[in-house]
Amino acid sequence: MSFVSELQQTLFLCSLKMTPEGGIEVIVRHSCSNDLPISPIGRDGWDVMSYPTESKPSATYSITFDSFIAYSVGHESFIKPDKCAVSEGMQFVRFRQSRYLRHIEESCYGEDVHSGMRFHYGIYCLNQLIDVVTNEAPRIAYVGETAQ
């Protein structure tokens, strides 16, 4: 059994926003290939340039962190993988140890000021990488089939 098996397929980030309560909501969907556009051969330039792209719907999920200590968003082509990390999952990841968690723990007040465990989650999509450090587990909800 893998960690949150529904979120271990290739993901596409649809949105990331702050919640009114001060948390973060991340909307992701399974990546899928869309139909290729109609061949431009025999069509005029106006038709080729103005023809809409149709997106196929796929399973979409909301991942809500009711509170967080820190988060970062990065472009996957610039971020080096953490070879020393201890984790489970590939697309939606839970870390036991990571450089990012160590960095946040060194930058934040310690147990004497803010007690409790700290958890590092990674949401690794085709278009962006999101790392979240929090002191509580996120809520995950199936939103339905969308083509956002």
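Preceding this section is the structure that the text describes.
Conventions and cut-offs
- In this convention, every chain numbers its residues from 1, walking through the sequence in written order.
- Residue-level local features of this predicted model are given only where pLDDT is at least 70; pairs of side-chain atoms are given and counted only at 80 or more, and the full residue set underlies all totals for whole chains, interfaces and linings.
- By convention in this description, side-chain values take in all heavy atoms of the structure and omit both hydrogens and water.
- Here the nonpolar core consists of buried residues drawn from Ala, Val, Leu, Ile, Met, Phe, Trp, Tyr and Cys, with membership extended through side-chain atoms lying within 4.5 Å.
- Relative accessibility thresholds used throughout: buried, under 20% of the residue-type maximum; exposed, over 50%; partly exposed, between the two (1.4 Å probe, protein chains only).
- Starting at the N terminus, helices and strands are each numbered in turn, a helix being any DSSP run of H or I of at least four residues and a strand any DSSP run of E of at least two.
- The rule for pairing is simple: two strands pair if DSSP sees at least two bridges between them.
- Lines are fitted to the C-alpha atoms to define the axes, a helix being fitted only along its stretch in contact, and any angle between axes, read from their N-to-C directions, falls within 0 to 180 degrees.
- Pairs of residues are marked as contacts when any of their non-hydrogen atoms sit within 4.5 Å.
- Counted as salt bridges are all cases of a side-chain nitrogen of Lys or Arg within 4 Å of a carboxyl oxygen of Asp or Glu.
- By convention, a stacked pair of Phe, Tyr or Trp rings (six-membered ring in the case of Trp) has centres within 6.5 Å and planes under 30 degrees apart, an edge-to-face pair has planes over 60 apart, and any other such pair is tilted.

Undergrad: I'm lost on the nonpolar core in this one. Help?
TA: Taken as a class, soluble globular proteins show a tendency for nonpolar side chains to be buried jointly. Core analysis: the biggest nonpolar cluster contains 17 residues, and L7, V26, V28, I63, F92 and I123 have the highest contact counts within it. If one sorts the elements of this core by residue count, strand β3 (residues 58-65) sits on top with four residues. Y100, L101, I104 and V133 belong to the second-largest nonpolar core, a separate cluster that totals five residues.

Undergrad: Looking at this structure, I do not really get the sheet that holds strand β7 (residues 119-124). What am I missing?
TA: Whenever strands of a sheet pair, they do so through backbone hydrogen bonds, lying parallel or antiparallel. The five strands lie next to each other as β4-β8-β7-β6-β5, forming an open sheet whose pairing is antiparallel. Looking at which strands have only one partner, the edges of the open sheet turn out to be β4 (70-74) and β5 (86-88). Taken over all neighbouring pairs, the strand axes of this sheet differ in orientation by 20° on average, direction set aside. Contacts from helix α2 (residues 99-107) reach β4, β6 (92-97), β7 and β8 (129-134), with the element oriented near 45° to β8.

Undergrad: Whenever I open this one, the environment of F95 confuses me. Can you help?
TA: Looking at the secondary structure, you find F95 in strand β6. F95 gets classed as buried once you look at its relative accessible area, which sits at 11%. If near-sequence neighbours (up to four positions away) are discounted, F95 is found in contact with A85, V86, S87, H120, Y121, G122, Y124 and D131.

Undergrad: Help me out: how do you make sense of the pattern of salt bridges in this one?
TA: Should their charged atoms come close, side chains of opposite charge can pair. Overall, the coordinates contain three salt bridges when judged by the stated rule. Two residues, E25 and K17, come together in a salt bridge whose shortest N-O distance is 3.5 Å. Classification of E25 as buried rests on a relative accessible area of 19%. Note that D66 is salt-bridged to R139, the shortest N-O span being 2.7 Å. Pair noted here: D66 is in the loop between β3 and β4 and R139 is in strand β9 (residues 139-146), with a separation of 73 residues, a long-range link. The exposure class assigned to D66 is partly exposed, which follows from its relative accessible area of 35%.

Undergrad: Just checking my understanding: could you explain the packing of aromatic side chains for this structure?
TA: A complete count under the given rule lists six aromatic pairs for this structure. Aromatic pair F92 and Y121: ring centres 5.9 Å apart, planes at 10°, arrangement stacked. In this pair, F92 is assigned in strand β6 and Y121 in strand β7, connecting sequence segments 29 residues apart. This pair shows no difference in class: F92 is buried, exactly as Y121 is. Look at F95 and Y124: their rings are 6.5 Å apart centre to centre, the planes differ by 65°, and that puts the pair in the edge-to-face class. With F95 in strand β6 and Y124 in strand β7, the pair connects residues that are 29 residues apart, well separated along the chain. Comparing F95 with Y124, the two get one shared label, buried. Taken together, the aromatic side chains of F3, F65, F92 and Y121 make up a single cluster linked through ring pairs.

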